[in-house]
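Below, each chain spelled out in residue letters.
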Amino acid sequence: MSEGTGEAPSEGVRPIRGVVLAHGTMAQGMVDAIHRIAGVGEEALVALSNEGKGPDQILRELSDVCGDGPAVIFTDLFTGSCALSARKACIQGDRRRVVFGANLPMLLDFVFHREDPLDELVPRLVEKGREAVQSAPSAG
Amino acid sequence: MSIVLFRIDERLVHGQVVIGWGNHLKPKRYLVVDDELAASEWEQELYLLGLPEGTEALFLTVAETVGRFEELSGDEPATVLLTRDLATMARLARGGTLTEARVNIGGIHHSPGREQVLGYVYLDDDDREILRGLADSVEAVFAQDLPASPRVSATQLLG
């Protein structure tokens, strides 16, 4: 596992690309926030919206941004057009994964661990995302 | 009639349909009419993941739907009928099956040759021709992505 320094991945390991696919402008907002907090660029995480697009177009755009390397597609919901297209994009081959219910803590963890094996990284991201959903104790 | 919504939407079973319209109309069944999907079990499974609790889905071909229309449109359960394009709804409407239907257009998205008519409706010449024919075969056709959105008539869509 990498040390989470945020430095550029070392030579020989192909870093995983992240794609946030969500409704409206949500993906762009989340990716902007990650870029500002972590100082990473589009090589690490890109945004894709389903706005005004049919399933075929979403799938084409997903394939384009994922490329032929390893990728994790983060969606806002477990179901719906984004989730469906993401699942379809992962049907062939073993180099892509989908994580539903994206949040910023999960994405932050992702951008600092892009050299980890997909099978280790994805359960970790799910756990990070779940851990981050908390409520504050009552003031009274 | 148990069919509470006839909808043309490329995304078929998705958020606007099951959440936006689903909370409004409380359907118990989603009837997806699509020849390709009716023959693809793995794709059906993907769509089934999006169903709200307490609802079911049927995936039928156009021919199956026409043959069973009386039964499918009986008193219950409340049903949302979905096609992914204008042509499929027009095939369903042939022969007078949908004369009492008010058909909702919820999503025909951009593809090469199509021009934007609304934020969620893009049409090319073939689409317009099919839309004209469909409008003559049913009670009404209108675009409305969500229950609270304004309705846009077929006449307005055709400009």
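Residues numbered from 1 in each chain as written. Chains lettered and ligands numbered in written order. Predicted model: local features only at pLDDT ≥ 70, side-chain atom pairs only at ≥ 80, totals over all residues.

Peer 1: Could you clarify how one ought to interpret the overall build of chain B in this entry?
Peer 2: For chain B, the helix and strand inventory stands at eight helices and nine strands. Over its C-alpha atoms chain B spans a radius of gyration of 15 Å, differing by no more than 12% from the 15 Å that the globule rule assigns to 159 residues. Taking the principal axes of its C-alpha atoms as reference, chain B extends roughly 40 × 30 × 30 Å. Taken across its 159 residues, chain B has 39% of its residues classed as buried. Contacts in chain B between residues far apart in sequence, at least 24 positions, make up 73% of those at least 6 positions apart. (Helix = DSSP H or I, 4+ residues; strand = E, 2+ residues; numbered from the N terminus. Rg over C-alpha atoms; globule rule 2.2 N^0.38 Å. Buried ≥ 20, exposed ≤ 12 C-beta atoms within 10 Å, placed from the backbone. Contact = placed C-beta atoms within 7 Å.)

Peer 1: Can you help me understand unusual backbone geometry in this one?
Peer 2: Across residues other than glycine, the phi torsion is negative in most instances, and most of the peptide bonds are trans. All names here are of chain B. Omega for the peptide link from Glu-76 to Pro-77 comes to -5 degrees, which places this bond in the cis form. As for its placement among the helices and strands, Pro-77 is situated in the loop between α5 (69–72) and β4 (79–83). In this model, Lys-26 sits at a positive phi of 55 degrees, which is unusual for a non-glycine residue. For Lys-26, the location among the structural elements is in the loop between α1 (15–25) and β2 (29–33).

Peer 1: Just checking my understanding: could you explain the nonpolar core for this structure?
Peer 2: The tendency in soluble globular proteins is for nonpolar side chains to be buried as a group. Residues Val-32, Leu-82 and Leu-134 of chain B are the most contacted members of the largest nonpolar core, which totals 39 residues. For this core, the element with the most residues is helix α6 (residues 86–93) of chain B, which contributes five residues. If we skip the residues at most four places from it in the chain, Leu-134 of chain B touches Leu-86, Met-89, Ala-90, Ala-93, Val-103 and Val-141 of chain B. Among the nonpolar cores identified, the runner-up in size contains 36 residues, and Leu-48, Cys-66, Val-111 and Leu-121 of chain A belong to it. (Core = buried A, V, L, I, M, F, W, Y, C linked by C-beta atoms within 7 Å.)

Peer 1: Can you walk me through the sheet that holds strand β3 (residues 71–75) of chain A in this structure?
Peer 2: All names here are of chain A. Strands sit in the order β2-β1-β3-β4 across an open sheet of four strands; the sheet is parallel. Every other strand in the sheet has two partners, leaving β2 (45–49) and β4 (96–100) as the edge strands with one partner each. For this sheet, the mean angle separating the axes of adjacent strands, direction not counted, is 20 degrees. Examined bridge by bridge, strand β1 (residues 17–22) and β2 share five bridges and lie parallel to one another. Across the sheet, Leu-21 pairs through a bridge with Leu-48, a residue of β2. Strands β1 and β2 of the sheet are contacted by helix α1 (residues 26–38), whose axis makes an angle of about 165 degrees with β2. (Pairing = 2+ DSSP bridges. Axes fitted to C-alpha atoms, helices over the stretch in contact; angles between N-to-C directions.)

Peer 1: Would you mind going over the packing of α6 of chain B against helix α7 (residues 125–137) of chain B with me for this structure?
Peer 2: All names here are of chain B. As a packed pair, α6 and α7 sit with axes 9 Å apart at the nearest point and diverge in direction by 30 degrees. Considering their axes alone, α6 and α7 lie roughly parallel with respect to each other. Crossing geometry of α6 relative to α7 is assigned as left-handed. Counted together, Leu-86, Ala-87, Met-89, Ala-90 and Ala-93 of α6 and Asp-127, Ile-130, Leu-131, Gly-133, Leu-134 and Ser-137 of α7 form the full contact between these two elements. Grouping the constituent residues of the contact of α6 with α7 by class yields eight nonpolar, two polar and one charged. (Parallel < 35°, antiparallel > 145°, perpendicular 65-115°, else oblique. Left-handed = near helix turned anticlockwise from the far one by under 90°. Nonpolar A, V, L, I, M, F, W, Y, C, P; charged D, E, K, R; others polar.)

Peer 1: I would appreciate a short explanation of the sheet that holds strand β1 (residues 3–9) of chain B in the present structure.
Peer 2: Pairing between the strands of a sheet is mediated by backbone hydrogen bonds and can be parallel or antiparallel. All names here are of chain B. If you walk across this open sheet you meet the seven strands as β3-β2-β4-β1-β5-β8-β9, and the pairing is mixed. The open sheet terminates on both sides in strands that have one partner only, identified here as β3 (56–60) and β9 (152–153). One ladder, built from four bridges, connects strand β5 (residues 102–107) with strand β8 (residues 140–143); its direction is parallel. Counted as the bridge partner of Val-103 is Val-141 from β8. In the packing of α6 onto the sheet, contacts are made with β1, β2, β4 and β5, and the angle to β4 comes to roughly 120 degrees.

Peer 1: Just checking my understanding: could you explain the interface of chain B and chain A for this structure?
Peer 2: Interfaces are frequently sized by the accessible area removed from exposure as the parts join. Contacts between the two partners involve twelve residues from chain B, matched on the other side by twelve residues from chain A. When its residues are assigned to classes, the side of chain B that touches chain A shows three nonpolar, seven polar and two charged.

Peer 1: Just checking my understanding: could you explain the environment of Val-103 of chain B for this structure?
Peer 2: All names here are of chain B. Examined against the element boundaries, Val-103 turns out to sit in strand β5. According to the C-beta neighbour criterion, Val-103 is buried, with 27 such atoms within 10 Å. Counting along the chain gives 51 residues from Val-103 to Ala-154, while the straight-line C-alpha distance between them is 9.9 Å. Residues in contact with Val-103, not counting those within four places in the same chain, are Phe-6, Ile-8, Met-89, Leu-134, Val-138 and Val-141.

Peer 1: Is there a simple way to explain the confidence of the model for chain A in this structure?
Peer 2: Any residue range with low pLDDT should be treated as having predicted coordinates unsuitable for detailed reading. When pLDDT is averaged along chain A, the result is 90, and 91% of the positions lie at 70 or above. Scored below 50 in pLDDT, residues 1–7 of chain A shows ten contacts in the model against residues more than four places distant or in partner chains. (pLDDT = per-residue confidence, 0-100.)

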